[in-house]
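A look at the structure
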Amino acid sequence: MAVPSCAKVFPAFECRSDTEFSGSFRAEYPRCARRHSPPIGKSLAVPFGGLSSLIFKFPPNFERQLSTKARRNCSNIGVAQVVAASWSTDPARAVPAFAASAAGAPSADIPVDVEQSTVVNGGHASNINDVQFSDLFDSEAASFLRSDGSIAIHAGERSGRGIVTDAITTPVVNTSAYFFKKTSELIDYKEGRHASFEYGRYGNPTTVVLEEKISALEGAESTLVMASGMCASTVMLMALVPAGGHIVTTTDCYRKTRIFIETILPKMGIKPTVIDPADMDALKSALDNNDVTLFFTESPTNPFLRCVDVELVSKVCHSKGALVCIDGTFATPLNQKVLALGADIVLHSATKYIAGHNDVLAGYISGSEKLVSQVRTLHNILGGVLNPNAAYLIIRGMKTLHLRVQQQNTTALRMARLLEGHPKVSCVYYPGLVSHPEHSIAKKQMTGFGGVVSFEVDGDLMTTAKFIDALRIPYIAPSFGGCESIVDQPAIMTYWDLSQIERAKYGIKDNLVRFSFGVEDFEDLKADILQALAII
């Protein structure tokens, strides 16, 4: 598994209450195996390293500065800091070696002078933004994480993380900046001989744990998390498509994404071509007649859950030198691995299934170190940083991701079949149904079909609204993928500012319903939907 680029520049930091303490470290090995070969790059000058050794120094009086009351009532990070500071009084416990032992690592002490640790390339100091660790990950280090469910729980955490604590959960590091002890250390950082996040916009230890976890689940070299799904989309597009470039996208997609592509990108000289998700001839024509940089679509799409053949699209685009980015939010990485199918970048609104509790906004992109680094560079300028508290909520939410998605897959498929046979439902859109236009594609590249079902009731705008208002379990809201079921009427929720004729251009009928199934009992949801349909 690869580390996000900001994590790859960290030698082992000490976690000490006494900054003059000198002790010894035991070698630690990384948390989980890389699913891609590590990129060829620069290496760390010490014989161990990586995020598993990244821990924090605390001021000499840190432990004493915390009052007894504060220690009782402090947040997760407070507890972690107390534990870490307490360890500093016992050199033997300074860095636990459980990860090294579990991986069969040598147990000999390795003395390290942290202030002298230098990132080098052929004996020369390297720019910190270019540093990579070519031999950082051992493919056997976390071979015990064989299933997506286990990876979602343990990746980035179980076999070592960058914050030394015996807490099971990952601490939240709330800081806006990272200090330098002396000016000489700052100069060393600027010249690539010392590692630091420097500023909160450039990285955070809690966020890095989340990025590693996602990378493991996606099978990616690197991941960058951002403040929202739209932040991820817009920054990715601006970073990878040059001014005057050309992109291809599809008709069915999240409306705000379409607005950005059709109205904002042209101001940068970027021209979009919009095609039907299944129209391969149109894609080939766009690639033949334009210098296309990127093909960007959702699969499944919003709200009709159309699917693109990711493997075929990737081959066609790559033959013309175009990149492929797939927004897999509706699928989740448990149901669909688009990087393994050939896509260059996968994008998600982590607000939805990934976090899964309707309590946080976030987005991410995963892919090769090279492409993610390009996006990270622009992101560091623009901002849109994920708060570490939100990162913690997503880490916690991912521990039940496989359980939630399994339940949502099952419920949605059973409900789609039920709705398809109901006399008051005129059409059902769900890739798990044989009647879906891309069912064969979905069946080939997905292991489950997601928890969202779109359908049209037999009635007009007000009849559909009456059905929605009669539902007792789902909330009327503009999201999906959480534990609670959510329902909306796109004609009102998303397209109300357009006329009926204008909405029809996008296929949005007044009677369209998008239903996101949560993790409630199937029979309860079934009874609720049937009673609401009976009313209209």
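The following refers to the structure shown. (Residues numbered from 1 in each chain as written. Predicted model: local features only at pLDDT ≥ 70, side-chain atom pairs only at ≥ 80, totals over all residues. Heavy atoms only, no water.)

A closer look at the packing of helix α17 (residues 461-470) against helix α20 (residues 522-535)
For any two helices packed against each other, one specifies the crossing angle of their axes together with the interaxial distance. Axis separation between α17 and α20 bottoms out at 8 Å; the angle between their running directions is 140°. Judged by the sense of rotation from one axis to the other, the crossing of α17 with α20 is right-handed. On the side of α17, the interface is formed by K466, F467 and A470, while α20 contributes D528, I529, Q531, A532, L533 and I535. A class-by-class count of the residues in the contact of α17 with α20 yields six nonpolar, one polar and two charged. (Axes fitted to C-alpha atoms, helices over the stretch in contact; angles between N-to-C directions. Helix = DSSP H or I, 4+ residues; strand = E, 2+ residues; numbered from the N terminus. Left-handed = near helix turned anticlockwise from the far one by under 90°. Contact = heavy atoms within 4.5 Å. Nonpolar A, V, L, I, M, F, W, Y, C, P; charged D, E, K, R; others polar.)

What to know about the sheet that holds strand β8 (residues 271-275)
Strand order across the open sheet formed by seven strands is β6-β12-β11-β10-β9-β7-β8, with mixed pairing between neighbours. Each of the sheet's edge strands pairs with one partner strand only, and the pair in question is β6 (222-226) and β8. With direction set aside, neighbouring strand axes in the sheet form an average angle of 20°. Bridge count for strand β11 (residues 345-349) against strand β12 (residues 363-367) is five bridges, and the pairing is antiparallel. Across the sheet, residue S349 finds its bridge partner in β12, namely G363. Sitting on the sheet, helix α11 (residues 310-319) is in contact with β9 (292-298) and β10 (323-327), with an inclination near 155° to β10. (Pairing = 2+ DSSP bridges.)

Here we look at the environment of L334
When you line up the elements, L334 lands in helix α12 (residues 332-335). Along the chain, L334 and I354 lie 20 residues apart, while their C-alpha atoms are 9.9 Å from each other. Residue contacts for L334: discarding those within four places in its chain leaves D148, L217, L401, H402, V405 and T447.

Remarks on the sheet that holds strand β15 (residues 475-476)
With mixed pairing, the five strands of this open sheet are ordered in space as β13-β14-β17-β16-β15. The open sheet is flanked by β13 (425-429) and β15, the only strands paired with a single partner. For β15 and strand β16 (residues 486-488), the ladder comprises two bridges, and the chain directions are parallel. By the bridge assignment for β16, Y475 is matched with I486. Of the strands in this sheet, β13 and β14 (452-457) touch helix α15 (residues 401-420), which is tilted by about 15° from β14.

Re the environment of I529
The topology assignment puts I529 in helix α20. A relative accessible area of 1% means that I529 is categorised as buried. Discounting residues that sit within four places of it in the chain, I529 has contacts with M415, L419, F467, L471, F515 and F517. (Buried < 20%, exposed > 50% of the residue type's maximum accessible area, 1.4 Å probe, protein only.)

Digging into the nonpolar core
Ranked by internal contacts, the top residues of the largest apolar core, which has 61 residues, are I394, F455 and F467. No other element matches α15, which puts seven residues into this core. Residues in contact with F467, not counting those within four places in the same chain, are F455, V457, V513, I529, A532, L533 and I536. (Core = buried A, V, L, I, M, F, W, Y, C linked by side-chain atoms within 4.5 Å.)

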